[in-house]
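So the chains spell out like this:
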Amino acid sequence: MNYFNSMIRLLQFDIAPVKKLSLKQLQYFAIINVVILGLIYGFSAFFFSKILLVEKGFDASSFNALKIIIAGIPIAFLMHASASLFFWVFLKAIGGKANFILSYFNMGAASISLWPLAPFIAALQTGGQMPLMAGLAICFSLYGFAVNVLLIKETFQLSRVKMFIATSVTIIYIGCFLYLWV
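Quick caveat: nothing in here was measured; it's all calculated off a predicted structure.

S.K.: Requested: an account of the confidence of the model for the chain, with residues and values cited.
M.R.: Chain-level statistics for the chain give a pLDDT mean of 86 and a share of 90% at 70 or above. For the chain, per-element mean pLDDT is lowest for helix 8 (residues 160–181), which scores 81, and highest for helix 5 (residues 100–110), which scores 93.

S.K.: Requested: an account of the side chain of Ser-113, with residues and values cited.
M.R.: Following the sequence through the fold, Ser-113 ends up in the loop between helix 5 and helix 6 (118–125). Among the residues examined, Ser-113 registers a relative accessible area of 1% and is labelled buried. A distance of 2.7 Å separates a polar side-chain atom of Ser-113 from the backbone oxygen of Ala-110. The contact partners of Ser-113, leaving out residues within four places of it in the chain, are Leu-11, Tyr-143, Gly-144, Val-147 and Asn-148.

S.K.: Can you explain the packing of helix 6 against helix 7 (residues 131–156)? Please cite residues and give values.
M.R.: Taken N-terminus to C-terminus, the directions of helix 6 and helix 7 make an angle of 140°; their axes are 9 Å apart at the nearest point. On the basis of their axis angle, the class for helix 6 and helix 7 is oblique. When you trace helix 6 past helix 7, the crossing you get is left-handed. On the side of helix 6, the interface is formed by Phe-120, Ala-123 and Leu-124, while helix 7 contributes Met-133, Ala-134, Leu-136, Ala-137 and Phe-140. The residue inventory of the contact of helix 6 with helix 7, partitioned by class, reads eight nonpolar, no polar and no charged.

S.K.: So what about a nonpolar patch on the surface? Which residues, and what values?
M.R.: A cluster of nonpolar side chains, Val-161, Phe-164, Ile-165 and Val-169, forms an exposed patch at the surface whose accessible area comes to about 390 Å². Classification of Val-161 by relative accessible area gives exposed; the value is 58%.

S.K.: Tell me what's going on with the nonpolar core, and back it up with residues and numbers.
M.R.: By size, the foremost hydrophobic cluster in this structure holds 16 residues, and its most contacted members are Met-7, Leu-10, Val-18, Leu-26 and Leu-151. Sorting the residues of this core by element identifies helix 1 (3–11), helix 3 (23–55), helix 5 and helix 7 as the ones contributing at least two each. Among the elements that line this core, the one with the most residues is helix 5, at four residues. Excluding residues that lie within four positions of it along the chain, Leu-151 makes contacts with Leu-10, Ile-15, Val-18, Asn-106 and Ala-110. With 11 residues, the next largest nonpolar core counts Phe-87, Ala-98, Val-149 and Phe-156 among its residues.

S.K.: How would you sum up unusual backbone geometry? Please name residues and give values.
M.R.: We note that Phe-13 has phi near 65°; this positive angle belongs to a residue other than glycine. The residue Gln-157 is not glycine, and still its phi comes out positive at about 55°. On the secondary structure map, Gln-157 appears in the loop between helix 7 and helix 8.

What counts and what doesn't
- Residues numbered from 1 in each chain as written.
- Predicted model: local features only at pLDDT ≥ 70, side-chain atom pairs only at ≥ 80, totals over all residues.
- Heavy atoms only, no water.
- pLDDT = per-residue confidence, 0-100.
- Helix = DSSP H or I, 4+ residues; strand = E, 2+ residues; numbered from the N terminus.
- Buried < 20%, exposed > 50% of the residue type's maximum accessible area, 1.4 Å probe, protein only.
- Polar contact = N/O pair within 3.5 Å; in protein donor to acceptor, adjacent residues only side chain to side chain.
- Contact = heavy atoms within 4.5 Å.
- Axes fitted to C-alpha atoms, helices over the stretch in contact; angles between N-to-C directions.
- Parallel < 35°, antiparallel > 145°, perpendicular 65-115°, else oblique.
- Left-handed = near helix turned anticlockwise from the far one by under 90°.
- Nonpolar A, V, L, I, M, F, W, Y, C, P; charged D, E, K, R; others polar.
- Patch = residues over 30% accessible without salt bridge, like charges linked within 9 Å, V, L, I, M, F, W, Y side chains within 5 Å.
- Areas by Shrake-Rupley, 256 points an atom, 1.4 Å probe, with all protein chains shown as cover.
- Salt bridge = Lys/Arg side-chain N within 4 Å of Asp/Glu carboxyl O.
- Core = buried A, V, L, I, M, F, W, Y, C linked by side-chain atoms within 4.5 Å.

Below is the structure:
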């Protein structure tokens, strides 16, 4: 199955095409999705930072767009690797059956569901205070989380009870992390 069909079906909560991919295909799809996520985030961070600088009276002409846009890629890979490692360790401890590489690539494939969220995260990080922006960020976060949870449940072959426990603990962990971060 090709990239577009697999990813469209994944975005529709159908993980069957992703399960049929070879490890090599899954690797390429994960890399593509995380790179694009990083570029979307980097471009959004550049755009909203430039607006913020102009509003504050700074000269935005010396602002190097390419460096900021490209910086989004390692940020996306760092966040992806961190989340993959957290989920792998935690889910392995409660009986998950996936190895790290498989969970890493599956979560990379599922990162396509976070593409719509990236601009809102960048906007909120630059001080955007619009309630609509925060509401959309929450909606896209929930959507991305749902796609990831569905794929993770299948990857780790967890029962509904174990996945519920894992999801609850993950939400608490992410909530605490965001509280400390912001």
